[in-house]
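One letter stands for each residue in the lines below.
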Amino acid sequence: KEGSMKFSKFVCKCGCGRIAPPDIEQLIPELNQLQRILWGVYDLVRGSWEAYITSGYRCEKRNAIIGGAKFSPHIWGIAMDFALMNLSHREEVVEYLKSLGIVRVGHKKYEGIPNHIHIDLAHKIADALYEAKKIPVEVWRAYKEAKEW
């Protein structure tokens, strides 16, 4: 499989072996392309700054175990957390990610873990999830409106 080594770092850490929930591609046919965009953004970061992935897809069981948000973008397979090896680059990386305008950037709530940065594409699938009644309107709004937190 193309990129299987790369995607192995994105697999849920519970042991289920998944990179997305079962049957999600019926709801989000472009999921594979979205995951490739996410990887592309990560590769751009990694090309200039040392970083490693700490979390990719999380099944609902794994998400609950680690205390993730109920509707975390990780449970849809369109989010990634990574850590920077050099904390002095954190603000530069965050500004770079924001300037791309492609991904939502989570960094403010991780001030206790300063090398941690979250990126996701929840805004790209919010409408489909809401129409399928997978997320409530408040989550839909957050996915669509919050570009940084």
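Cut-offs applied
Every chain's residues receive numbers from 1 upward, in the order its sequence appears when written. Reporting of local features is limited, given that this is a predicted model, to residues whose pLDDT is at least 70; pairs of side-chain atoms are given and counted only at 80 or more, and all residues count toward the totals for whole chains, interfaces and linings. Hydrogens and water molecules were not included; the side-chain quantities draw on all heavy atoms of the structure. Only DSSP runs of H or I reaching four residues or more are called helices, and only runs of E reaching two or more are called strands; each is numbered from the N terminus. Computation of the radius of gyration draws on C-alpha atoms, with the globule rule given as 2.2 Å multiplied by the number of residues to the power 0.38. Buried means the residue's accessible area, taken with a 1.4 Å probe over protein chains only, is under 20% of the maximum for its type, while exposed means over 50%, and partly exposed covers the values in between. Note on definitions: a residue-residue contact is assigned when non-hydrogen atoms from the two residues lie within 4.5 Å. For two strands to pair, DSSP has to find at least two bridges joining them. Classification of ring pairs rests on two measures: the distance between centres of Phe, Tyr or Trp rings, Trp counted by its six-membered ring, which must be within 6.5 Å, and the angle between planes, read as stacked under 30 degrees, edge-to-face over 60 and tilted in between.

Trainee: An account of the overall build of the chain is needed here, citing residue identities and associated values.
Mentor: The helix and strand tally for the chain stands at seven helices and four strands. The linear arrangement of helices and strands in the chain, starting from the amino end, is α-α-α-β-α-β-α-β-β-α-α. For 149 residues, the compact-globule estimate of 2.2 N^0.38 gives 15 Å, and the chain sits close to it at 15 Å. Evaluated residue by residue, the chain yields a buried proportion of 42% over its 149 residues. Taking contacts inside the chain between residues at least 6 apart in sequence as the whole, the part at least 24 apart equals 67%.

Trainee: Quick one: what's the story with the pairing of strand 2 (residues 79–84), residue by residue and with numbers?
Mentor: Every regular strand shows the same layout, with side chains that alternate between the two sheet faces. Across the six residues of strand 2, six count as buried, placing the element largely inside the fold. Of the two faces of strand 2, the one carrying A79, D81 and A83 and the one carrying M80, F82 and L84 are both buried. Bridge count for strand 1 (residues 51–55) against strand 2 is four bridges, and the pairing is antiparallel. Directly across from S55, in strand 2, lies its bridge partner D81. In the sheet, strand 2 pairs with strand 4 (residues 116–120) via five bridges, with the strands oriented antiparallel. Bridge pairing in strand 4 links F82 to I117.

Trainee: Could you give an account of the packing of aromatic side chains, naming the residues involved and the relevant values?
Mentor: How two aromatic rings sit relative to each other is set out by the distance from centre to centre and by the angle between their planes. Across all of its chains, the model carries five aromatic pairs by this definition. Consider the rings of Y42 and F82, whose centres lie 5.6 Å apart with planes at 55°: the pair is tilted. With Y42 in helix 3 (residues 31–48) and F82 in strand 2, the pair connects residues that are 40 residues apart, well separated along the chain. With respect to class, Y42 is no different from F82; both count as buried. Between Y130 and W140, the ring centres sit 5.9 Å apart and the planes meet at 40°, which makes this aromatic pair tilted. Pair noted here: Y130 is in helix 6 (residues 122–131) and W140 is in helix 7 (residues 137–145), with a separation of ten residues, a long-range link.

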